[in-house]
Each structure stands twice: as structure tokens, then as C-alpha cells.
Amino acid sequence: MELSISNLKKILANSSSLGDDVLNFNDDVSITEQGVDSLDMLDYFLNLEEAYNVKIPDTDIEKVKTFAALFQYLKEKMDEVQNS
Amino acid sequence: MVGIKEISSYIPSKRVSNIERKETFSTDEDFILNKIGIVNVAVKENNENTSDLAIKAFRNLEKKIAINKEEIEVALLVTQNPDSNIPHTSAIIHGALDFPESCACFDISLGCSGFVYGLSIIKSFMESNRMKKGLLFTCDPYSKIIDPADKNTALLFGDAATVTYLTEDPAYTIGNFTFGTIGKESSNLTCTNNVLSMNGRGIFNFAAKYIPVDLKNLLQKNHLEIKDINKFIFHQGSKYIVDTLIKRTSIDASKVIFDIADYGNTVSSSIPIILEKILHNTNDKYILISGFGVGLSWSSNVLINHKN
């Protein structure tokens, strides 16, 4: 799946109990502060790892609280893989 | 062929309410009911030890079925929280229940996968030694090692014990097993200085990634298709983990049992407690059981109704 903020939201909408409400979330506000609970976030991170074939270590979780931060983080990770 | 004749359990009557602790752990009722799925955790009394719980499970078994203790040839206990390191707790149970001197006893150190591993061990042990009657105990009272202030574990784990009676005249025979271990991930669930520590994300990822693949391997090994299975009993870690396994497989959700709201995740006892409730339901031909956790390890099996 192409990396875009819109697709990042779709992946969460497909797995979270909040469904399509996620599509209207603010890109720059913490995803959990917008109502996604800690267990849905675990599932989300696993779905992202599988969708984009990247590893998001526990130590990086704090860096990816918003969709904007997540997009940037995944972009850098995928660029690293492409350039290696 | 050795199989499961009867199962009995003992769940202590004392409960700690998760709802009453919701403010302490900054959570809410909806999360407790619909995500964790555990309203209360069962907690043993301070003066009850691991062997005491196991013995009470056996007393409950005696109320269900006539057992001649002189005929018990092996008694195994799955635990990682024994009475003490020495002697093995199965020997203490042996002494308290006055099993015969010819009865073999040993403990098995495994967590949430332990019941399924234990079934394989006792079946092989009995068949290779031509034994006719054996007992598989599970008892891992995590209240001994839980930090009551740790949200990751305190809301999940409950105390219980079970005993499974295996004979050559079983209600269910035991199919082919699958096993696995991801030792590199073992640090996700540890006990150091007598305190349990769990990385919830590590355990979640492990179960979500490995168990659906294992189920496919298990069905293939037993020459069955997913639609053939009447009931699925996954280790009852939390509602969320069981729901995740349903989502990641093509299992009919109505066939999957989750029933720990009143007592919690009882580690290696979680599967036999559920199994006890449906063991004599003649409508079920195949029951799939899958245990996973500490290690990180897993084991799965298909039980076959011998009378169907």
C-alpha cells in the first residue's frame, strides 16, 4: 500500500473499533488523545509493520504519536531500506 | 489409546474487582469490559499454596468421578510458581493425596502453553510406560509474583488450578500436536526478583503473528479443515487477544469461547477450565486447543470426541 497519511488513516479505520471516524482525525494531534485506546494502537502498529514491511521498535513508539509523525517516520524507514 | 476422561478445577472464591480499580489504573469500564474482558481476578488466600489449590482441584474431581488412588501411575504438575524450588510440588501433592509409591511425579516448567505441552508429555509418558491412569495438574498462581500497582499484569491474571484425568477409556482422544518457541523474544514475559514483568506489545505481536500460522499447520497435521472444528479454545489471555485471533483467521466467531470475565487469565489453567465445561457436550466432534505465552512458546492440538 502506498505510503500516505490518508492510507495510514485507512489502515487504522479498518482495525480500530472507531472505524471511519478515524478518517477525520487531525494529522497533528496525538492519535490516542483523539480516542484510540492502547490495545487498538498495538494492533495498529503491527498492521503498519506488515503493510510497509518495516520494524517499529518499542523505543520509537513515543516518536510516532501523530499521523504526521508516523508518515515521516515510515518514509525515512522505507527510504533507508531502499538506499541500503 | 490414552485420552481425557474428566477434568476438574478449583478457582478461589476471593475476587479483586477491576471496575473498582479503574481510577487507580486510569482506565474505564468500557475498556475493562470490552477490551480486556476481565471484570474480576480470582486471588488465592495468603495461606494457600500452589499444592493446596491443586489438591482442591483433585477433591473436586473426586466429586465428579470415582477414582481409585491406588491406580494412579503418574501425576504431573505444570507450574512456574511452585510451593518451593525443592522438592517438586507434584511430590508434595503426591504425599498429601496419598498416591501409591509406584506413582511417577514431576513438574513441568511452562506458562500459558503448559496445558497443551503437558497433554503431550503425559500421553507419551503413559503410552511408552504402558500406564493406564494418570493425572495432569496445572496451577500457576501469579498473585505470588504480581506487582499490584502494575497495570500491565494486575488487571489480567487470576489464580486457579485444574486436574485432568487421563485413561484408556477417554471422552476425548488427543490428536497430533504442534509446538514452537521464539526464545529471542523471551524477555517480553519474565519474572525477576519474584516480580512479573510483561511487555504487552511483545506478547500481542507474538500471538497475532504466530498463532494463525500455527493453526494452519495444526489442521494440516490432523488432516482437517477449519470448518471441521466445532469449538476453538485459545489461551484466555484477554478478550482483545482472542478477538485479534478471530480477526486474523477465517474462524467463525461463534465457535470461539472466551469465558474468563469473572476470574481472569489463569495461565496454564485457562484452557482446561473452559474444556471442563464442554467436555461432555456430545455435539462437538473436534475441539481445537491452543496455548501460547511464556518462552515465548506455543502448542496446539485437536481433541477428538471419542463417543461421537
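Just above, that's the structure.
Below is a short write-up of the structure. Please read all numbers here as calculations on a predicted model, not as lab measurements. (Residues numbered from 1 in each chain as written. Chains lettered and ligands numbered in written order. Predicted model: local features only at pLDDT ≥ 70, side-chain atom pairs only at ≥ 80, totals over all residues.)

## Side note on the interface of chain B and chain A
Quite often, the size of an interface is put as the accessible area lost when its parts meet. On the chain A side, the residues contacting the 9 residues of chain B number 6 residues. Among the elements that make up the side of chain B that touches chain A, the one with the highest residue count is helix H6 (residues 200-221) of chain B (5 residues). Considered class by class, the residues forming the side of chain B that touches chain A number 4 nonpolar, 3 polar and 2 charged. (Contact = placed C-beta atoms within 7 Å. Helix = DSSP H or I, 4+ residues; strand = E, 2+ residues; numbered from the N terminus. Nonpolar A, V, L, I, M, F, W, Y, C, P; charged D, E, K, R; others polar.)

## Some remarks on the sheet that holds strand S1 (residues 3-10) of chain B
Hydrogen bonds between backbone atoms are what pair the strands of a sheet, whose relative direction is either parallel or antiparallel. Residues and elements named next belong to chain B. As summarised here, the arrangement of the 9 strands in space is S5-S4-S6-S7-S1-S8-S13-S12-S11, forming an open sheet in which the pairing is mixed. The open sheet has two edge strands, strand S5 (104-108) and strand S11 (231-234), and neither has a second partner. If you compare each strand with its neighbour and ignore which way they point, the axes differ by 20° on average. As paired strands, S1 and strand S8 (residues 172-181) are joined by 2 bridges and run antiparallel to one another. Bridge pairing in S8 places glycine 3 opposite threonine 173. Contacts from helix H2 (residues 50-64) reach S1, strand S4 (74-78), strand S6 (134-139) and strand S7 (161-167) within the one sheet, and its direction differs from that of S1 by about 120°. On the sheet, helix H4 (residues 114-128) packs against S4, S5, S6, S7, S8, strand S12 (286-293) and strand S13 (297-305) and is oriented at approximately 160° with respect to S4. (Pairing = 2+ DSSP bridges. Axes fitted to C-alpha atoms, helices over the stretch in contact; angles between N-to-C directions.)

## Observations concerning helix H2 (residues 38-52) of chain A
Between its first and last C-alpha, H2 of chain A extends 21 Å over 15 residues, near the 21 Å set by a 1.5 Å rise per residue. Within H2 of chain A, burial applies to Leu39, Asp40, Leu42, Asp43, Tyr44, Leu48 and Tyr52 of chain A. In this structure, the buried side of H2 of chain A is in contact with helix H1 (5-15) and helix H3 (67-83) of chain A together with helix H1 (29-36), H6 and helix H7 (239-247) of chain B. One or two positions beyond H2 of chain A, positive phi appears at asparagine 53 of chain A, with a value near 55°. (Expected span 1.5 Å × (residues − 1). Buried ≥ 20, exposed ≤ 12 C-beta atoms within 10 Å, placed from the backbone.)

## Brief notes about unusual backbone geometry
All names here are of chain B. Note that the residue after isoleucine 86, namely proline 87, is joined by a cis bond; omega there is 0°. In this structure, proline 87 sits in the loop between S4 and helix H3 (89-97). Residue leucine 296 is reached from glycine 295 by a cis peptide bond, and omega for that bond is -10°. In this structure, leucine 296 sits in the loop between S12 and S13. You will see that asparagine 193, though not glycine, has its phi angle at about 50°, which is positive. Secondary-structure assignment places asparagine 193 in the loop between strand S9 (189-192) and strand S10 (195-198). For asparagine 193, a count of 6 C-beta atoms within 10 Å corresponds to the exposed category.

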